[in-house]
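A closer look at the structure
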Amino acid sequence: MTTRPLPDRSGVPAPRDTRLDPYVGSYAERTHQMSASAVRALFAVANRPEVVSLAGGMPNLADLPLDAIGDTVGRLIVEQGQRAMQYGSGQGEPLLREQICEVMAVEGIAASPDDVLVSVGSQQGLTLLTQIFCDPGDVVLCEAPSYVGALGVFRTYQTEVSHVAMDDHGLDPVALQEAITAGRAAGRRIKFLYTIPNFHNPAGISQTMQRRQQIQQICAEAGILIVEDNPYGLLGFDRDPVPAIRSLDSDGVVYLGTFSKTFAPGFRIGWVLAPHAIKEKLVLAQESATLCPPIFSQYTVSAYLQDYDWRGQIKKFNALYRERRDAMLAGLEAHLPASTSWTRPEGGFFVWLTIPPELDAEAMLPRAVSARVAYVPGNAFYADGLGTRHIRLSYCLPTPEAIIEGTRRLGEVMNHELSI
Ligand code: PMP
C-alpha cells in the first residue's frame, strides 16, 4: 500500500484538529476567509416540508413555459448541437451579447455588445471584478446591509468592507461622501462602490432617480468606480423600471446583470457591462477561470429571448411576486408585535424587518425554526457582525397562504420572546 506524503507544515501554527482536515496547514491565506453563508447553513432545515421558509431567495419558476423551453432545447440539439456543445468565446456568444444590450435598453442603457462579458451568473461577474481590482486590505464600499454573496467574495479576496448607511431612498449620499473622505484621510485604497439600486437584497428598497444622480456625481468627482448590481430591476410591481446608474455614466460604472430572476437561475447566465479597458481584463480573467462561459446555456437563453415573449413572461413573474408581497405585508401587519417595523418593497423578493431592541434575530432563529418558520438573521448582511436587530424575509417562493402562516408563527415567537 502506498501512503500519501504529508504536506509540509513547517512554520505553520498547529491546527486544532488534524483528524478533520490534514491539509489545514496548506491552504492559501484567502481560503481561511471562506465560510459557509448563514443562508446556506439554513437551507437544510428550511427545506423541511413542515417549515415555512421565508429565508431563501430562490426565484419562483411555477409560471415558466417548460414545454416551450423543452421544444427549444430539443431543436437546439438537433439543429445546432455540434456548435451549441462546443467550446465558445471567453467573452460570450455574440448573438447573446446583442440580445443582452436589448434587455439593458429597457433601463435606459445604450451599450455595445463589444463591452459585454457573459458570466456564470452575476455572482461570477462579482468574483472576476474583485479578482482584477482588489489586493488584500483594499477597501470596498457597500451599503449597510449588503448582499451576503457579495460580502463572501469580498471576504475571500481579503478586502475590507466599509459599510455606508441607507435611508428610505437607498444609499445615503452624505454617508457615502463621509466614508470616502474618512477612507482617503486614513490612506486607504478604495477600489469601488458596490451598490444594488433596485429592490435591494436584503433591504427591499430602491434608489430614487435623484439619489442615483447624487451617487454617480460623488463617485465621479472622487474617481471611484461604481459596481451596479441589478438582478431585480425589471421586477417592479407598481412602477416602470427606473434608469440604471450606468445610463448616467458609461465610463465610471460597471453594470452586473443576470437572467436568474427574469428567466431561470439554473442556466447560470449573467453578464458584466464594463468600460472597454476593464472589459478586456475581465475577458482574460474569464478565460483563465472557465475558458468560456457555458455555451449550451448561452444558446438556450438566446433562443428563449428570440422565440418567446420574455417581456410578457416577466409580467407574469411580477404578478406572482406581487401577490406574495401583498400576502407578506398583510401577514406582518396582522401578526407582528407593534414595536417592529419593515420596508414595503415595490418589487423584488425581500422585506427587511427592524425588530424590538430586546430581541436578537440570530439568537431567536433556533426557536423560530422549532416553531416551523425560517428567516435570515440580519447579521448575515453585514461584514462586521452588526445587524442582529434585523431580519430578512423573502416572499418569492412560498404560496400566499404559507406566507401568512409563516408570519403568524414568527409573530408568535417574537411575542413569546418579548414576554419572558
Ligand atoms: N446579486 C444579488 C444582489 C443577488 O441577490 C443575487 C442572487 N441572490 C446575485 C447577485 C447572484 O445572482 P446570479 O449569480 O444567480 O446571477
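Predicted model only: the values in this text are computed from it and were never measured. Per chain, residue numbering runs from 1 following the sequence as it is written. Where totals are concerned, whole chains, interfaces and linings use all residues; where local detail is concerned, this predicted model gives features only for residues with pLDDT of at least 70, and gives and counts side-chain atom pairs only at 80 or more.

1. Details of the site of the ligand
This is how the line gets drawn: Defining nearness, a residue is near a molecule or strand when the C-beta atom obtained from its backbone falls within 6 Å of it. By the criteria applied, helices consist of DSSP H or I runs no shorter than four residues and strands consist of E runs no shorter than two, each listed in order from the N terminus. All residues other than Ala, Val, Leu, Ile, Met, Phe, Trp, Tyr, Cys, Pro, Asp, Glu, Lys and Arg, Gly among them, are scored as polar; the first ten of these are nonpolar and the last four charged.
The full set close to the ligand counts 14 residues, and Gly 121, Ser 122, Gln 123, Thr 258 and Ser 260 are the nearest of them. Residue contributions to the shell around the ligand peak at three residues, all from helix α4 (residues 121-133). The residue inventory of the shell around the ligand, partitioned by class, reads four nonpolar, nine polar and one charged.

2. Some points on the pairing of strand β3 (residues 139-144)
Put simply, the rule is: Exposure in this text rests on C-beta crowding, where 20 or more other C-beta atoms within 10 Å of a residue's own make it buried, 12 or fewer make it exposed, and counts in between make it partly exposed. The C-beta atoms are placed from the backbone. Any two strands are treated as partners once DSSP identifies two or more bridges connecting them. Note on handedness: a clockwise path from strand one over the helix to strand two, with the strands aimed away from the viewer, defines a right-handed crossover.
The buried fraction of β3 amounts to six of the six residues, a majority that puts the element mostly inside the structure. Bridging between β3 and strand β4 (residues 160-167) involves six bridges; their strand directions are parallel. Among the inter-strand pairings, Val 140 is bridged to a residue of β4, identified as Val 161. Assessed by its sense of winding, the connection that carries the chain from β3 through helix α5 (residues 148-156) to β4 is right-handed. The pairing of β3 with strand β6 (residues 190-195) spans four bridges and is classified as parallel. Looking at the pairing, Val 139 lines up with Ile 190 of β6.

3. Details of the UniProt feature "domain: Aminotransferase class I/classII large" (unreviewed entry) in the protein chain
Applicable threshold: UniProt positions are given in the numbering used here, feature names are shortened, and annotations may be inferred rather than shown by experiment.
UniProt records the feature "domain: Aminotransferase class I/classII large" (unreviewed entry) for residues 70-403 in the present numbering. With 43% helix and 18% strand, residues 70-403 has end C-alpha atoms that lie 31 Å from one another.

4. Thoughts on the sheet that holds strand β5 (residues 170-171)
Let me state the cut-off plainly: For the purpose of contact definition, each residue receives a C-beta atom placed from its backbone, and two residues are in contact when these atoms lie within 7 Å. A fitted line through C-alpha atoms serves as each axis, taken over the contacting stretch for helices, and the angle formed by two N-to-C directions is quoted from 0 to 180°.
With respect to topology, eight strands assemble into an open sheet ordered β2-β9-β8-β7-β6-β3-β4-β5, the strand pairing being mixed. On the outer flanks of this sheet lie β2 (116-120) and β5, each paired with one strand and no other. Against the sheet, helix α6 (residues 173-185) touches β3, β4, β5 and β6, its axis set at about 155° to β4. Relative to β2, helix α8 (residues 276-290) is tilted by about 30°, and along the sheet it contacts β2, β8 (253-258) and β9 (269-273).

5. Looking at the nonpolar core
To be explicit about the condition: The nonpolar core is taken to be a set of buried Ala, Val, Leu, Ile, Met, Phe, Trp, Tyr and Cys residues joined by way of C-beta atoms within 7 Å.
Leu 141, Val 227, Tyr 375 and Leu 393 are the most contacted members of the largest nonpolar core, which has 100 residues in total. In contact with Tyr 375, other than residues within four places in its own chain, are Leu 54, Ala 55, Ala 368, Ile 391, Arg 392, Leu 393 and Leu 410.

6. Regarding the pairing of strand β14 (residues 390-394)
The side chains of a regular strand alternate between the sheet's two faces. The buried fraction of β14 is high, at five of five residues. Side chains His 390, Arg 392 and Ser 394 project from β14 onto one buried face, and the interleaved Ile 391 and Leu 393 project onto a second face that is buried too. In the sheet, strand β11 (residues 350-354) pairs with β14 via five bridges, with the strands oriented antiparallel. Across the sheet, Thr 354 pairs through a bridge with His 390, a residue of β14. As judged from the two bridges shared by strand β13 (residues 376-377) and β14, these two strands associate in the antiparallel manner. Bridge pairing in β14 places Pro 377 opposite Ile 391.

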